[in-house]
Amino acid sequence: LPCMALLLTIIFFAWFISAIVRGKVSHQGSDFEFREHPVQYIILLIAILGFALFCLNRFLNEIGIYLI
């Protein structure tokens, strides 16, 4: 379903932008703040951005636009 890939893309990009603006990420009861855990915070941001880009690529492939 192209709609699901688009929905996941929007969710992951929103989560990524929210994490950058707020300076912390809350997930499953854990809080990663930039000042307290900079390495984990950056790794988590890269992972979230990677998932968002993967979902975006998947969505574009499903509608017929091939980037990779």
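Everything that follows concerns the structure shown earlier in this document.
Report on the accompanying structure. (Residues numbered from 1 in each chain as written. Predicted model: local features only at pLDDT ≥ 70, side-chain atom pairs only at ≥ 80, totals over all residues. Heavy atoms only, no water.)

Under the criterion given, the structure shown has 3 aromatic pairs. By way of ring pairs, the aromatic residues Phe12, Trp15 and Phe51 are connected into one cluster. (Phe/Tyr/Trp six-rings, centres within 6.5 Å; stacked < 30°, edge-to-face > 60°.)

Looking now at the pattern of salt bridges. Per the stated rule, a full pass over the model turns up 1 salt bridge. Here Glu62 and Arg58 are joined by a salt bridge, their closest N and O atoms 3.4 Å apart. With Glu62 and Arg58 both in helix α2 (residues 38-62) and 4 residues apart, this pair spans about one turn of that helix. On the basis of relative accessible area, Arg58 is assigned to the partly exposed category, the value being 47%. (Salt bridge = Lys/Arg side-chain N within 4 Å of Asp/Glu carboxyl O. Helix = DSSP H or I, 4+ residues; strand = E, 2+ residues; numbered from the N terminus. Buried < 20%, exposed > 50% of the residue type's maximum accessible area, 1.4 Å probe, protein only.)

Look at helix α1 (residues 2-22): 30 Å from first C-alpha to last across 21 residues, which is about the 30 Å you get at 1.5 Å a residue. Ala5, Thr9, Phe12, Phe16 and Ala19 are the residues of α1 that are buried. All buried residues of α1 lie within an arc of 105 degrees about the axis, which places them on one face of the element. Looking at α1, the residues exposed on the side facing more than 90 degrees away from the buried face are Cys3, Ile10, Ile17 and Val21. Where α1 is buried, its residues meet β1 (24-27) and α2. (Expected span 1.5 Å × (residues − 1). Arc of directions from axis to C-beta. Contact = heavy atoms within 4.5 Å.)

At their nearest, the axes of α1 and α2 sit 8 Å apart, and the two run at 155 degrees to each other. For the element pair α1 / α2, the angle class is roughly antiparallel. In the crossing of α1 with α2, the sense of the turn from one axis to the other is left-handed. On α2, the residues that touch Pro2, Ala5, Leu6, Leu8, Thr9, Phe12, Phe13, Trp15, Phe16, Ala19 and Ile20 of α1 are Tyr41, Leu45, Ile48, Leu49, Phe51, Ala52, Leu53, Cys55, Leu56, Arg58, Phe59 and Glu62. For the contact of α1 with α2, the class distribution of residues is 20 nonpolar, 1 polar and 2 charged. (Axes fitted to C-alpha atoms, helices over the stretch in contact; angles between N-to-C directions. Parallel < 35°, antiparallel > 145°, perpendicular 65-115°, else oblique. Left-handed = near helix turned anticlockwise from the far one by under 90°. Nonpolar A, V, L, I, M, F, W, Y, C, P; charged D, E, K, R; others polar.)

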